[in-house]
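# Architecture and fold: a report
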Amino acid sequence: MAASKRLTPEQIVARLRDAEKLQGQGATIPQVCKKLGVSEQTFYRWRTKYGALKEDEAIRLKTLEQENARLKRIVAEQALDISMLKDVAKGNF
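These figures come from a predicted structure and were not determined experimentally. (Residues numbered from 1 in each chain as written. Predicted model: local features only at pLDDT ≥ 70, side-chain atom pairs only at ≥ 80, totals over all residues. Heavy atoms only, no water.)

The subject of this paragraph is the overall build of the protein. Helix and strand content of the protein: four helices and zero strands. When the helices and strands of the protein are read in sequence order from the N terminus, they spell out α-α-α-α. At 21 Å, the protein has a C-alpha radius of gyration far larger than the 12 Å of a compact globule built from 93 residues. Seen along its three principal axes, the alpha-carbon backbone of the protein occupies a region of about 70 × 25 × 20 Å. Nonlocal contacts in the protein, meaning residues at least 24 apart in sequence, comprise 50% of its contacts between residues at least 6 apart. Only carbon and sulfur atoms are counted for the fraction: they give 54% of the accessible area of the protein, which is about 7,200 Å². Treating the 18 positive side-chain charges of the protein as one cloud and the 12 negative ones as another, the clouds have centres 4 Å apart. (Helix = DSSP H or I, 4+ residues; strand = E, 2+ residues; numbered from the N terminus. Rg over C-alpha atoms; globule rule 2.2 N^0.38 Å. Contact = heavy atoms within 4.5 Å. Areas by Shrake-Rupley, 256 points an atom, 1.4 Å probe, with all protein chains shown as cover. Lys, Arg positive; Asp, Glu negative; His and termini not counted. Charge placed at Lys NZ, Arg CZ, Asp CG, Glu CD.)

Right under this line is the structure:
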């Protein structure tokens, strides 16, 4: 798999489950990473973020992250609008 391909949270959780099975069979972390086609750094990052999640929880996490990003954009736009309105009210335009 190409390094630039992004996996969905569900795919990551599935790969982590595969990794657990491989480790249970005696594979080392470097062997597991090679089998999964990812670097050790990526594997550890996945495990930290998604390790305790089930697939449906991973989907929910991704949805919440997207909603949070959308809300942050809205707040930033509103703060900019408020700032512009204050400048106009002061006559600084």
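So that's the structure; there's more coming.
At a closest axis distance of 9 Å, the pairing of helix α2 (residues 29-36) and helix α3 (residues 40-50) adopts a crossing angle of 95 degrees. What the angle tells us is that α2 and α3 run roughly perpendicular. Note on element contacts: α3 touches α2 through Glu40, Phe43, Tyr44 and Arg47, opposite Ile29, Pro30, Val32, Cys33 and Leu36. Split into classes, the residues belonging to the contact of α2 with α3 amount to seven nonpolar, no polar and two charged. (Axes fitted to C-alpha atoms, helices over the stretch in contact; angles between N-to-C directions. Parallel < 35°, antiparallel > 145°, perpendicular 65-115°, else oblique. Nonpolar A, V, L, I, M, F, W, Y, C, P; charged D, E, K, R; others polar.)

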